[in-house]
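# Commentary on secondary and tertiary structure
Below, each chain spelled out in residue letters.
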Amino acid sequence: MKIAIVLGSTRPGRNGEAVARWVYQLASKRNDVQFELIDIAEYNLPLLDEPVPPSMGQYGKEHTKRWAAKIAEFDGYVFVTAEYNHAPSGALKNALDYLYAEWNNKAAGFVGYGSAGGARAVEQLRLVAAELQLATVRAQVALSLFTDFENFSKFQPGTHHEPALNTMLDQLVAWSRALKSMREQSQLGTVYQS
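Notes on the structure follow. If you're wondering where the values come from, they're calculated on a predicted model, not measured in any experiment. (Residues numbered from 1 in each chain as written. Predicted model: local features only at pLDDT ≥ 70, side-chain atom pairs only at ≥ 80, totals over all residues. Heavy atoms only, no water.)

## Digging into the overall build of the protein
In terms of helices and strands, the protein carries five helices and seven strands. Seen in sequence order, the protein has helices and strands lined up from the N terminus as β-α-β-α-β-α-β-α-β-β-β-α. Seen along its three principal axes, the alpha-carbon backbone of the protein occupies a region of about 60 × 35 × 25 Å. Counting the 194 residues in the protein, one finds 46% classified as buried. At a minimum sequence separation of 6, the contacts of the protein that also span at least 24 residues come to 79%. Total accessible area on the protein is roughly 9,700 Å²; 52% of this is exposed by carbon and sulfur atoms. Side-chain charges of the protein comprise 19 positive and 20 negative groups, with the mean position of each set lying 2 Å from the other. (Helix = DSSP H or I, 4+ residues; strand = E, 2+ residues; numbered from the N terminus. Buried < 20%, exposed > 50% of the residue type's maximum accessible area, 1.4 Å probe, protein only. Contact = heavy atoms within 4.5 Å. Areas by Shrake-Rupley, 256 points an atom, 1.4 Å probe, with all protein chains shown as cover. Lys, Arg positive; Asp, Glu negative; His and termini not counted. Charge placed at Lys NZ, Arg CZ, Asp CG, Glu CD.)

## Description of the side chain of Glu 83
Tracing the chain through its elements places Glu 83 in the loop between strand E3 (76–82) and helix H3 (90–97). A polar contact of 3.3 Å, which involves the side chain of Glu 83, links it to the backbone nitrogen of Ala 121. Those residues in contact with Glu 83, other than ones at most four positions away along the chain, are Tyr 113, Gly 118, Ala 119, Arg 120 and Ala 121. (Polar contact = N/O pair within 3.5 Å; in protein donor to acceptor, adjacent residues only side chain to side chain.)

## Comments concerning the pattern of salt bridges
As enumerated under the stated definition, the model contains 13 salt bridges in all. Ionic pairing is found between Lys 70 and Glu 36, a salt bridge with its closest N-O pair at 2.9 Å. On the criterion of sequence distance, the pair formed by Lys 70 in helix H2 (residues 62–72) and Glu 36 in strand E2 (residues 34–39) is long-range, its members being 34 residues apart. Across the salt bridge formed by Asp 97 and Lys 93, the nearest N and O atoms sit 2.7 Å from each other. With Asp 97 and Lys 93 both in helix H3 and four residues apart, the pair spans about one turn of that helix. Salt bridges sharing common partners tie together Lys 2, Glu 36, Lys 70 and Glu 73. (Salt bridge = Lys/Arg side-chain N within 4 Å of Asp/Glu carboxyl O.)

## Overview of the nonpolar core
In terms of nonpolar packing, the biggest core is built from 30 residues, with Val 78, Val 111, Leu 143, Leu 165 and Met 168 touching the most fellow members. Apart from the residues within four sequence positions on either side, Val 78 is in contact with Ile 3, Ala 4, Ile 5, Val 6, Val 23, Gly 109, Val 111, Met 168, Leu 169 and Leu 172. Counting residues in hydrophobic clusters, the runner-up holds 27 residues, among them Val 6, Ile 38, Trp 103 and Leu 132. (Core = buried A, V, L, I, M, F, W, Y, C linked by side-chain atoms within 4.5 Å.)

## Quick word on the packing of aromatic side chains
Evaluated as defined, the whole model comprises eleven aromatic pairs. Ring centres 6.2 Å apart and planes at 45 degrees place the aromatic pair Tyr 113 and Phe 149 in the tilted group. Remark: Phe 149 occurs in strand E6 (residues 149–150) and Tyr 113 occurs in strand E4 (residues 106–114); sequence separation between them is 36 residues. Residue Tyr 113 is classed as buried on the basis of its relative accessible area, which comes to 4%. The class for Phe 149 is buried, based on a relative accessible area of 5%. Put simply, the rings of Tyr 43, Trp 67, Phe 74, Tyr 77, Phe 79, Trp 103 and Phe 110 pair up and form one aromatic cluster. Directly above the aromatic system of Phe 74 lies the positively charged group of Lys 2, at a separation of 5.0 Å from the ring centroid. (Phe/Tyr/Trp six-rings, centres within 6.5 Å; stacked < 30°, edge-to-face > 60°. Lys NZ or Arg CZ within 6 Å of the ring centre and 35° of its normal.)

Purely geometric numbers; function is a separate question.
So, in structure tokens, the structure goes:
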């Protein structure tokens, strides 16, 4: 099984890179799943420019096809999200909106950071995830700019966050495994019907 850790900020000087690397380092200690760090900034996605809705699966732009191919590789996702004005970054929302089937029937967990631990950004992402048929796990990690970052920029997470991250990952792996089995059963049913 493969889980993507999706770095959801593209802002220069972002705090998210240090947070995503922390998540990746701790997650990589597990031996039950393969993790990969995905930085949406590396995909240079413009504001959604596909003329056909993503639910139709008719991607025409090369950047969309590249993004779709990468996201399709995974069984689940950890979204590392900043909170900007009580919401996730526009870049992360845009990246989610580009695709549809690639997200379906997979699991998602969240690591938020901001003045209120990214909680409001995660709340909004849960609504988006539901529409994309992503099953979100209950546990999440909330990192505070006041207590987990020195001078609001140097990431120094409290030790209490590691157990919270592990709990979220436990739930994410369990749900990802269950949904992978469901997707495989569905594909088998399609093969037998044709």
